[in-house]
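# Structure at a glance
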Amino acid sequence: MLKIIIPTIMLLPVTLLSPPKLLWTNTTAYSLLIASLSLQWLTPTYHPYKNLTQWTGIDQISSPLLTLSCWLLPLMIMASQNHLQHEPIVRKRIFIMTLITIQPFIILAFSTTELMLFYISFEATLIPTLILITRWGNQPERLSAGIYLLFYTLISSLPLLVAILHLHTQTGTLHLMILKLTHPVLTVSWTGLLSSLALLTAFMVKAPLYGLHLWLPKAHVEAPIAGSMLLAALLLKLGGYGIMRLTMLMTPISNNLHYPFLTLALWGALMTSSICLRQTDLKSLIAYSSVSHMGLVIAASMIQTHWSFSGAMILMISHGLTSSMLFCLANTNYERTHSRILLLTRGLQPLLPLMATWWLLANLTNMALPPTTNLMAELTIMIALFNWSAFTIILTGIATLLTASYTLFMLLMTQRGVLPTHITSIQNSSTREHLLMTLHIIPLLLLILKPELISGIPS
């Protein structure tokens, strides 16, 4: 555990002391080294916990997410190079340091075995994200986006703190492995219902559940590219991970608590997919598609079967890589045309033919085409939900149809059609951008060969 956390923290002096010429090279190379080291966490094991220290331990649910968060740090640093090139060197250092600071907190949140430490690191990820959005965003609206993010997260996570303290007074411990051994209370009480509701609400806002999702499109649209990648790929997964972790601890939840969350999640997947069809803003479209995918994850982790947990796990990993790649592609468009409006960035395929290939690959992955892990995850979730209640197939089926249609709409709008008259000359795509897309798509295509690495099933 420490052999990843300590090098990650030591990245801070590297950014501070690197000479200006080598700043990007050093941080990217060093963080790629950490990312390749973190791949060892994926090795299957028979033990319930690997790398067990006193407060942290890695099991099958957290190891894929941990590897994903280590993998995304070099990618975020690579993606931010272009839009920071005119800033003074001090601001570049501060930007990279903000990205690095959030990393140990995410690693701690995913690997902790103690609920209080989990809560602290869950909340601590908010501060660097807020700095990224409110300082390096593009429009003045970034301040309102930051306020939305702050207040949604804080208001929802105060009940979580109260519920965790209540759990501590009841059982006398917050250690996950001891909590699994406590006897479940068989009577359904108002206290139990309210505490499980409080435990779930914070993660539902973070995940986000439809109805509590209003901060997400705002934050995504205003954030710089690294902020968008961070939000889509890691912070949304904190919500899903928290639901999966804590639903296993709770006494069997009464169905009264299941139904509203499941209904909202599936209905939200359908609603946000149809919102996507009418979007004019590219980043907002990708943000809403994240809401619909995470709706499936929430629905799957609420019914708590082995199949649905495994489907939710695979969907979280593959959605993290896919949406991160889509944000990178949207950002390459934005840096060339300085506009996120779909009407003004049409017909880029003849100008950037190689980028069009990446767009096609990313969009096909996003609409869950075989042989991607997205398809496997969505099928697993749909089968698990259908098994729970046959009625859900209507909602999930329409949502899948809409997902395919808005993805194709996005592809056709950005790559096809007549070139707008105001685009006269455009930069070529650079090797850095192609490497960035390659590092996103290679794990996605390789994981289908051995999906049990990320399926969350103890192998």
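Quick caveat: nothing in here was measured; it's all calculated off a predicted structure.

Criteria and cut-off values
- Residues numbered from 1 in each chain as written.
- Predicted model: local features only at pLDDT ≥ 70, side-chain atom pairs only at ≥ 80, totals over all residues.
- Heavy atoms only, no water.
- Helix = DSSP H or I, 4+ residues; strand = E, 2+ residues; numbered from the N terminus.
- Rg over C-alpha atoms; globule rule 2.2 N^0.38 Å.
- Buried < 20%, exposed > 50% of the residue type's maximum accessible area, 1.4 Å probe, protein only.
- Contact = heavy atoms within 4.5 Å.
- pLDDT = per-residue confidence, 0-100.
- Expected span 1.5 Å × (residues − 1).

## Some details on the overall build of the chain
On a plain count of helices and strands, the chain comes out with 18 helices and zero strands. What you see for the chain is a C-alpha radius of gyration of 21 Å, in line with the 23 Å of a compact globule of 459 residues. Along the first, second and third principal axes, the C-alpha atoms of the chain reach 70 × 55 × 45 Å. Counting only residues that meet the buried cut, the chain has 59% of its 459 residues in that class. Put simply, 83% of the contacts in the chain that link residues at least 6 apart link residues at least 24 apart.

## Digging into the environment of K206
By secondary structure assignment, the location of K206 is in helix α9 (residues 190-206). When the C-alpha atoms of K206 and S157 are compared, they prove to be 9.4 Å apart, with 49 residues separating the residues in sequence. Not counting residues up to four positions away in its chain, the partners in contact with K206 are F122, T153, W215, L235, L236 and G239.

## Remarks on the environment of L33
Mapped onto the elements, L33 comes out in helix α2 (residues 23-38). Spatially, the C-alpha atom of L33 lies 41 Å from that of T182, the residues being 149 residues apart in sequence.

## A short note on the confidence of the model for the chain
Per-residue confidence for the chain gives a mean pLDDT of 92; residues scoring 70 or more make up 98%. The lowest-confidence element of the chain is helix α8 (residues 176-179), averaging 87 in pLDDT; the highest-confidence one is helix α4 (residues 89-111), averaging 96.

## Brief notes about helix α5 (residues 115-124)
Counting along an α-helix, one turn takes 3.6 residues, and residues three or four places apart therefore face a common direction. In terms of residue burial, α5 counts as a mostly covered element, since seven of its ten residues are buried. Listed in full, the buried residues belonging to α5 are L115, F118, Y119, S121, F122, E123 and A124. Looking at the buried side of α5, the elements it contacts are α4, α6 (126-136), α7 (142-171), α8, α9 and α11 (225-249).

## Some remarks on unusual backbone geometry
For the bond running from P370 to P371, omega is 5 degrees, close enough to zero to count as cis. You can see P371 is positioned in the loop between α15 (353-366) and α16 (373-388). Backbone geometry places Q304, a non-glycine residue, at a positive phi of 55 degrees. By secondary structure assignment, the location of Q304 is in the loop between α13 (282-303) and α14 (306-337).

## Regarding the environment of Q40
Of note, Q40 is situated in the loop between α2 and α3 (62-79). Among the residues examined, Q40 registers a relative accessible area of 32% and is labelled partly exposed. Once the C-alpha coordinates of Q40 and T67 are considered, the two residues, 27 residues apart in sequence, prove to be 8.6 Å apart.

## Here we look at α15
When the terminal C-alpha atoms of α15 are compared, their 20 Å separation across 14 residues agrees well with the 20 Å that a helix rising 1.5 Å per residue should span. Buried within α15 are the following residues: M355, A356, W358, W359, A362, N363, T365 and N366. Residues of α15 that are buried sit in contact with α13, α14, α16, α17 (392-415) and α18 (431-447). Of the residues one or two after α15, A368 is the one with positive phi, at around 60 degrees.

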